[in-house]
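Overview (structure and organization)
The chain contents come next:
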Amino acid sequence: MSLGIRKICTFLEETHLEGGREVPRPTNIVVVAAIIKNPWAGRGFVENLRPEILDIAMDLSHQMTTRLLAQMPGEKIEACGKSAAVGINGEIEHASAMIHTLRFGNPFREAIGGTNYLEFTNTRNAPGALMALPMMHKSETGKRSHFLTANFQIADAPGPDEIMVAIGAADNGRPHARIADRFQDLAELEA
């Protein structure tokens, strides 16, 4: 089966100033979003989504991961996440099907040396709607400094019978992060 890719968009963000103060080290964020034909579009309710997941997810992940790593090498990545949005004719389950499988997540996670699950969103969007891609540290779940969100939009996507699939990465945490991590909170609550 063809991946049905209509377009791939790459977004780069580099933050040098936050809260009126220069950051010690810029935070760089990369998002790669692929717009694909919804393989279940026009078929009514499809009980078994697995055949299309097996045909598409891993190859799509490899292609997207290669593009992301061309912008930010895996060894520099500290935070990561994924998102998917189905067009208005599809089910949110169609968006979820593309990203909530190890066939999609593992190639990305392995390429960046991550051990955590990938933070995510899955939703339904109209073309041009703002999309949020949440991230967390690639291996430390309670490291709140790396709870980031990349926002992006594509003027003509997702179309009614498309799915927008995205992965994102950051080479640093939030600029000037200064809240306690989860482990500090747990220790304080136990005391």
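Report on the accompanying structure. Note that the structure is a prediction, hence the values are computed from the model and not measured.

Further remarks concern the overall build of the chain. Across its full length, the chain carries 4 helices and 7 strands. The globule rule puts the C-alpha radius of gyration for 191 residues at 16 Å, and the 17 Å found for the chain is close to it. C-alpha atoms of the chain, sized along the principal axes, occupy 55 × 35 × 25 Å. Within the span of the chain, comprising 191 residues, buried residues form 46% of the whole. In the chain, the share of contacts with a sequence separation of at least 24, taken over all contacts with a separation of at least 6, comes to 75%. Entry remark: accessible area of the chain is about 9500 Å², with carbon and sulfur atoms responsible for 50%.

Time to look at the packing of aromatic side chains. Summed over all chains, the structure comprises 1 aromatic pair. Note on F11 and F152: the rings are 5.2 Å apart at their centroids and 35° apart in plane angle, and the pair reads as tilted. With F11 in strand 1 (residues 5–18) and F152 in strand 6 (residues 148–152), this pair connects stretches of sequence that are 141 residues apart. The exposure class of F152 is buried, given its relative accessible area of 3%.

Relative to the helices and strands, N28 is located in strand 2 (residues 21–37). At 2.8 Å, the side chain of N28 and the side chain of D171 are in polar contact. Every residue in contact with N28, bar those within four places of it in the chain, is listed here: E13, E14, M72, A169, A170 and D171.

Turning our eyes to something else, we now look at the side chain of H137. Of note, H137 is situated in strand 5 (residues 131–137). Here E140 takes part through its backbone nitrogen, which lies 3.2 Å from a polar atom of the side chain of H137. If we skip the residues at most four places from it in the chain, H137 touches E78, A79, N116, K143 and H146.

Bringing the environment of D161 into the picture now. The residue D161 is located in the loop between strand 6 and strand 7 (162–170) in this model. Residue D161 is classed as partly exposed on the basis of its relative accessible area of 36%. Linking D161 and W40, residues 121 residues apart in sequence, is a C-alpha distance of 8.6 Å. Apart from residues lying up to four places away in sequence, D161 is in contact with K37, N38, A41 and N89.

Further remarks concern the pairing of strand 2. For strand 1 and strand 2, the ladder comprises 12 bridges, and the chain directions are antiparallel. Considered in strand 2, the bridge of I8 is made with A34. As consecutive antiparallel partners, strand 1 and strand 2 are separated by 2 residues, and within that stretch G19 has a phi angle of approximately 65°, a positive value. In this structure, strand 2 lies alongside strand 7, joined through 9 bridges in antiparallel fashion. If you follow V32 over to strand 7, its bridge partner there is I167.

A few words now on unusual backbone geometry. Cis geometry marks the peptide bond from A157 to P158; its omega dihedral reads 0°. By secondary structure assignment, the location of P158 is in the loop between strand 6 and strand 7. In this structure, H176 takes a positive phi of about 60° despite not being glycine. Looking at H176, the relative accessible area reads 22%, which means it is partly exposed.

Relative to the 32 Å expected for 22 residues at 1.5 Å per residue, helix 1 (residues 50–71) spans 31 Å between its end C-alpha atoms, a close match to the ideal helical length. Along its length, helix 1 shows its largest kink, about 30°, at I56. Buried residues belonging to helix 1 abut strand 1, strand 2, helix 2 (92–99), helix 3 (102–112) and strand 7.

Definitions and limits used
- Residues numbered from 1 in each chain as written.
- Predicted model: local features only at pLDDT ≥ 70, side-chain atom pairs only at ≥ 80, totals over all residues.
- Heavy atoms only, no water.
- Helix = DSSP H or I, 4+ residues; strand = E, 2+ residues; numbered from the N terminus.
- Rg over C-alpha atoms; globule rule 2.2 N^0.38 Å.
- Buried < 20%, exposed > 50% of the residue type's maximum accessible area, 1.4 Å probe, protein only.
- Contact = heavy atoms within 4.5 Å.
- Areas by Shrake-Rupley, 256 points an atom, 1.4 Å probe, with all protein chains shown as cover.
- Phe/Tyr/Trp six-rings, centres within 6.5 Å; stacked < 30°, edge-to-face > 60°.
- Polar contact = N/O pair within 3.5 Å; in protein donor to acceptor, adjacent residues only side chain to side chain.
- Pairing = 2+ DSSP bridges.
- Expected span 1.5 Å × (residues − 1).
- Bend = angle between axes of the 7 residues up to and from the residue.

Taken by themselves, the reported measurements are silent on function.
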